[in-house]
Amino acid sequence: MTRLFADSEAQLLGKLGQVLAPDHGLALVGGAVRDALLERPLGDWDLATALRPEEVMTRARQGGFSVIPTGLQHGTVMVMLEGRPVEITSYRGDGDYRDGRRPEVVRFGVTLEEDLARRDFTVNAMALPLEAANDPDWATRLVDPWGGRADLEARLLRAVGDPLQRFAEDGLRPLRACRFAAQLDFEVEAGTLAAIPPRLDVARKVAVERVFQEMTKLLCGQAPARGLRLLERTGLLDLWLAELGPMVGCLQNRHHRFDVWEHTLAVIEALPADPAMRWAGLLHDAGKPMSVSVDAKGERHFYNHETRSGDLAEALLSRLRSSRALIQEVLALVRHHGQHPDPAWSDAACRRFLTRLKRDELPLARWAAFRRGDLLGKGFDRAEALALHERMVTRLETLQARFTAWTAKDLALDGHALAALAQRSPGPWLGRLQGFLLEQVLEDPHLNTPEALARLVGEWGRE
Ligand code: ATP
Ligand code: MG
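Below or above, wherever it landed, is the structure these notes cover. Just so it is clear, the structure is predicted and the values come from calculations on it, not from any experiment. (Residues numbered from 1 in each chain as written. Chains lettered and ligands numbered in written order. Predicted model: local features only at pLDDT ≥ 70, side-chain atom pairs only at ≥ 80, totals over all residues. Heavy atoms only, no water.)

## Here's the deal with the overall build of the protein
And step 1. Helix and strand content of the protein: 22 helices and twelve strands.
And step 2. A compact globule built from 463 residues would reach a C-alpha radius of gyration of about 23 Å, whereas the protein, at 29 Å, exceeds it by more than 25%.
And step 3. Each of the three principal axes of the protein carries a C-alpha extent, and together these read 90 × 60 × 40 Å.
And step 4. Long-range pairs, those at least 24 residues apart, make up 67% of the contacts in the protein between residues at least 6 apart in sequence.
And step 5. Here the protein has roughly 21,400 Å² of accessible surface; of this, 50% comes from carbon and sulfur atoms.
And step 6. Distance between charge centroids for the protein: 3 Å, based on 60 positive and 65 negative side chains. (Helix = DSSP H or I, 4+ residues; strand = E, 2+ residues; numbered from the N terminus. Rg over C-alpha atoms; globule rule 2.2 N^0.38 Å. Contact = heavy atoms within 4.5 Å. Areas by Shrake-Rupley, 256 points an atom, 1.4 Å probe, with all protein chains shown as cover. Lys, Arg positive; Asp, Glu negative; His and termini not counted. Charge placed at Lys NZ, Arg CZ, Asp CG, Glu CD.)

## Observations concerning the packing of helix H11 (residues 224-234) against helix H13 (residues 260-270)
And step 1. As a packed pair, H11 and H13 sit with axes 8 Å apart at the nearest point and diverge in direction by 145°. Only Trp 261, Glu 262, Leu 265, Ile 268 and Glu 269 of H13 make contact with H11, whose side of the interface consists of Pro 224, Ala 225, Arg 226, Leu 228, Arg 229 and Glu 232. (Axes fitted to C-alpha atoms, helices over the stretch in contact; angles between N-to-C directions.)

## What to know about the packing of helix H10 (residues 208-219) against helix H14 (residues 275-283)
And step 1. Contact geometry of H10 with H14 gives a least axis separation of 9 Å together with a crossing angle of 90°. Between H10 and H14, the interaxial angle falls into the category roughly perpendicular. Between H10 and H14, the residues in contact are Phe 212, Met 215, Thr 216 and Leu 219 and Pro 275, Arg 278, Trp 279 and Leu 282, respectively.
And step 2. For the contact of H10 with H14, the class distribution of residues is six nonpolar, one polar and one charged. (Parallel < 35°, antiparallel > 145°, perpendicular 65-115°, else oblique. Nonpolar A, V, L, I, M, F, W, Y, C, P; charged D, E, K, R; others polar.)

## Some remarks on helix H17 (residues 347-359)
And step 1. An ideal rise of 1.5 Å per residue puts 18 Å on 13 residues; H17 measures up with 18 Å between its terminal C-alpha atoms.
And step 2. Among the residues of H17, those classed as buried are Ala 348, Cys 350, Arg 351, Phe 353, Leu 354, Thr 355 and Leu 357.
And step 3. Structurally, H17 contributes buried residues whose contacts are with helix H16 (324-336), helix H18 (364-376), helix H19 (383-402) and helix H21 (428-443).
And step 4. Directly after H17, the chain includes Glu 361, whose backbone phi takes a positive value near 50°. (Expected span 1.5 Å × (residues − 1). Buried < 20%, exposed > 50% of the residue type's maximum accessible area, 1.4 Å probe, protein only.)

## Regarding the site of ligand 1
And step 1. Lining the immediate surroundings of ligand 1 are 15 residues, of which Arg 34, Asn 124, Asp 170, Arg 173 and Arg 179 lie closest.
And step 2. Here a nitrogen atom of ligand 1 sits 2.8 Å away from a polar atom, N or O, in the side chain of Arg 173.
And step 3. A distance of 3.1 Å is found between an oxygen atom of ligand 1 and a side-chain nitrogen or oxygen belonging to Lys 217.
And step 4. Coverage of ligand 1 by the protein chains reaches 79% of its 580 Å² of free accessible surface.
And step 5. Counting only elements with at least two residues in the shell around ligand 1, the list comes to helix H2 (31-37) and helix H7 (172-184).
And step 6. When residues of the shell around ligand 1 are assigned to their parent elements, the largest contribution, four residues, is made by H7.
And step 7. When grouped by side-chain class, the residues that make up the shell around ligand 1 number one nonpolar, three polar and eleven charged.
And step 8. Formed jointly, the shell around ligand 1 draws a minimum of three residues from each of two domains, domain 1 (7-151) and domain 2 (155-240). (Near = heavy atom within 4 Å. Polar contact = N/O pair within 3.5 Å; in protein donor to acceptor, adjacent residues only side chain to side chain. Domains from an automatic or database assignment.)

Bear in mind that shape data such as this cannot, by itself, settle questions of function.
Right, here's the structure in full:
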């Protein structure tokens, strides 16, 4: 195993350990240990200690660290390490869970082993004493009472203890199982998987914000299709994203090898792993099942499914309390995903298309990346279609770089000049005139000069 931390990081953590818990131990726990063993980049450093939260705050402040009491009642204090937030949680045992969301009481003053026992999956229930973190042999010093390391090697997510009980305590855990399966490309161990359907009633109680957060991580993982298949098989999809159900088994036409659901999964995997792309991938064809029609030759069509998918995406993401910015980008991607610019298009048609993207604040590169993913997801050898797409994107880029008159502000004559030429005082007519001029300039960019525009104003006045 390689060293866990860079020298500067090790020094910082060493200082924190000195200040905080020279006598009480401080251990790296949860996700960071898991990711270190997987040799994945470490996300947050989550630390655990036998000290009580109040004591953590006092000592950290005395040591000159700034401290934010983020979740005192659950024993969590956030300490800033040179701008890097580190969560320090006091070892705790969880009392009874009554609401399926959080324990009624938490008990401090327990051992590290008890603390690990309340954690969700064995691969998340390992700890590494901080003083061992600099040892090149750190992996031999793991505290691993639940066999997390063996499960990690077998690439398995297994609940700590009895999965039926653990999923009865907290309805978020089944979704986390699917999320980690997608993030890590792991399988969910059979007993753990079988415990999900009987606990859907508890899962139902999870706050939508948490569902959105976990779903976003699932979608942005390295194996999102795995996570989505798990959601579908266990009934979790029906619980939170029921409107996606009709995609499963919805047959398409000769352009597709897959049904709508399988196509969707393939598209998501082919897209860049960021939230807007992946959510748009999930939702872009969700309106197909309700848009299907069959023509006289028996061919299936999905006319105008972009609109249906957009409506559905907006409703679904709003329900999950997604940010407005994410919704806007997803809607733009969904709205324009069916456009296929073609070599037969004139330059003006291309510029008109670019204007539509601009109106929705969708950068050409984002549209192009989405379309590439959509093509790859059709399941046939798409080399030709892809090459055509790349050529069109290059042409669109060139046209975009050369063209300068996207809005009325870009016209070679401003509103005052136009009003003077038309010999009228400004009013709603001016917007109509500018629209007309922009349309002319879109057809022929050379027309964006004061002289040419003045001539056009004259023509417009006569009409
Ligand atoms: P990441 O931060 O990469 O998303 P993580 O494993 O660090 O993954 P967090 O949500 O940060 O996940 O939680 C930190 C640790 O707390 C987990 O590794 C796990 O041990 C424990 N944990 C988190 N949520 C739960 C839960 N709902 N039930 C039981 N244990 C949990
Ligand atoms: Mg974490």
